Amino acid sequence: MHVRKRTGIRCCSIFVLCSLLLMTISTRLAACPFCPGPSTTLSEQLAQADVAILGQWSSAREGSLQKTGQTSFIISEVLHQPLKSNLKIGDQITLSRHYSGNPGDVFLLTGARGISLHWNEPVTVTSASIHYLKQAPAQKKETSLRLRYFLNYLEHPDQIIANDAFAEFANAPFEAITPLAKDLPREKLRSWLENENTPVPRLGLYGLLLGLCGQESDIQFMEAKIQLPAQEIRMGIGGLMSGYLLLTGSGGLDKIDQTKFRDKTAAFSETFAAMQALSFIWTFGEEKIEKRRLNQSMRLLLERPELADLVIANLARWEDWTVMDRLAELYAAKDYDVRSIKKAIIRYFLVASLVPPTNAGGNDVETSQKAKQFLELLRLTDPQTVQSAERFFQPPR
């Protein structure tokens, strides 16, 4: 029976999830790849709005088949509005939807002015979060400067503030975070990673940040976390692995190779997370680990059929042509007889066929010629798969 069929529905579900994660990562490396999808922060909502007010919940009516719901707010403060608007404290704003609340609950209401004023979803705020928002640096300021402000509010007791400060870091490009390395709260980061009450979506970021500011004494702690046996998906473990590699370099990668890549009993999700960390270091950590060393680790994953198509795509993007002969062998191998793997191999050779001989990497200076020869053979023996792989093929940039 085929390897992928043996893994069962559960592994297939994990594979689909991880594939989607990889596609997400490839399109948003500008933001934290180990955090949930980007969310609009309070500062962004305020900056994007034509109108922004604070309103106290007054009353609400649930909707029915005959009538839409309604919610009324009394303006308690006008944060900003266009010159021609005349909103003022004490005015009532009524939205055509039911929102739960209690009299006196405060909401941030933002709107965009077109032909008429369109109000966005109200956001619950507290007195502390209002003060936090008003003191936040303007969106136009340098990101690193803004992050220094939000750094003080990570894991704030007010969950509105804590969630928003985290989102500011999660949305920021990694290059804007690295200048803060000396200011990062190393001991707090470590305690948050140890605390079972820390929200799981934040663990990836905190693991990455600990790698930026960590000391020798943190290495053993991070290794212990990484090497915990796990069969279920551990959210954020890829961020911790990336931080660990930033801190330890090639020595740490040797241990990742041993525990996550060479160990065939390692959970699929753990190996995928380690591969995710490799991709991160390839983009952001070249001064920590040489790219040819990263290629060496990525090549180990060719022995994992359930990851092969993703691995091959990475090797093509990283211009590693040392595995051409191995991929030609795998194309006909029983455990790799999967359409997605075959298409990945074909696309690898399509990329290789475009490489000028003077730029060919690895040990083979005839990369382009060899790739074209293999493609010609496949067009005779497996034309349908070749046509399918070529249909949406775009060379990596």
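Located above this text is the structure these notes cover.
Scoring rules and cut-offs
- Residues numbered from 1 in each chain as written.
- Predicted model: local features only at pLDDT ≥ 70, side-chain atom pairs only at ≥ 80, totals over all residues.
- Heavy atoms only, no water.
- Pairing = 2+ DSSP bridges.
- Helix = DSSP H or I, 4+ residues; strand = E, 2+ residues; numbered from the N terminus.
- Polar contact = N/O pair within 3.5 Å; in protein donor to acceptor, adjacent residues only side chain to side chain.
- Buried < 20%, exposed > 50% of the residue type's maximum accessible area, 1.4 Å probe, protein only.
- Contact = heavy atoms within 4.5 Å.
- Salt bridge = Lys/Arg side-chain N within 4 Å of Asp/Glu carboxyl O.

**Q** How would you summarise the pairing of strand 1 (residues 51-61) if you had to cite specific residues and measurements?
**A** Note: strand 1 against strand 4 (residues 106-113), six bridges, orientation antiparallel. Among the inter-strand pairings, Gly55 is bridged to a residue of strand 4, identified as Phe107. Strand direction decides the pairing type here: strand 1 and strand 2 (residues 70-80), joined by nine bridges, are antiparallel. Across the sheet, Gly55 pairs through a bridge with Ile75, a residue of strand 2.

**Q** Outline the side chain of Ser129, listing residues and values.
**A** Considering the arrangement of structural elements, one finds Ser129 in helix 3 (residues 127-135). In this structure the side chain of Ser129 is engaged in a polar contact, spanning 2.7 Å, whose partner is the backbone nitrogen of Thr126.

**Q** Lay out the environment of Gly90 with the relevant residues and their values.
**A** Position of Gly90 relative to the elements: it lies in the loop between strand 2 and strand 3 (92-95). With relative accessibility at 48%, the residue Gly90 sits in the partly exposed group. Setting aside residues up to four positions removed in sequence, Gly90 forms contacts with Ile74 and Ile75.

**Q** Any details on the pattern of salt bridges? Residues and values, ideally.
**A** In total, this model carries 21 salt bridges according to the counting rule given. Among the ionic pairs, Lys260 bridges to Glu270, the shortest N-O distance being 2.9 Å. With Lys260 in helix 11 (residues 250-261) and Glu270 in helix 12 (residues 268-284), the pair connects residues that are 10 residues apart, well separated along the chain. Note on accessibility: Lys260 and Glu270 belong to one class, buried. Salt-bridge contacts for Glu290 lead to Arg292; the nearest nitrogen and oxygen are separated by 2.9 Å. Taking relative accessible area as the criterion, Glu290 reaches 46% and is therefore assigned partly exposed.

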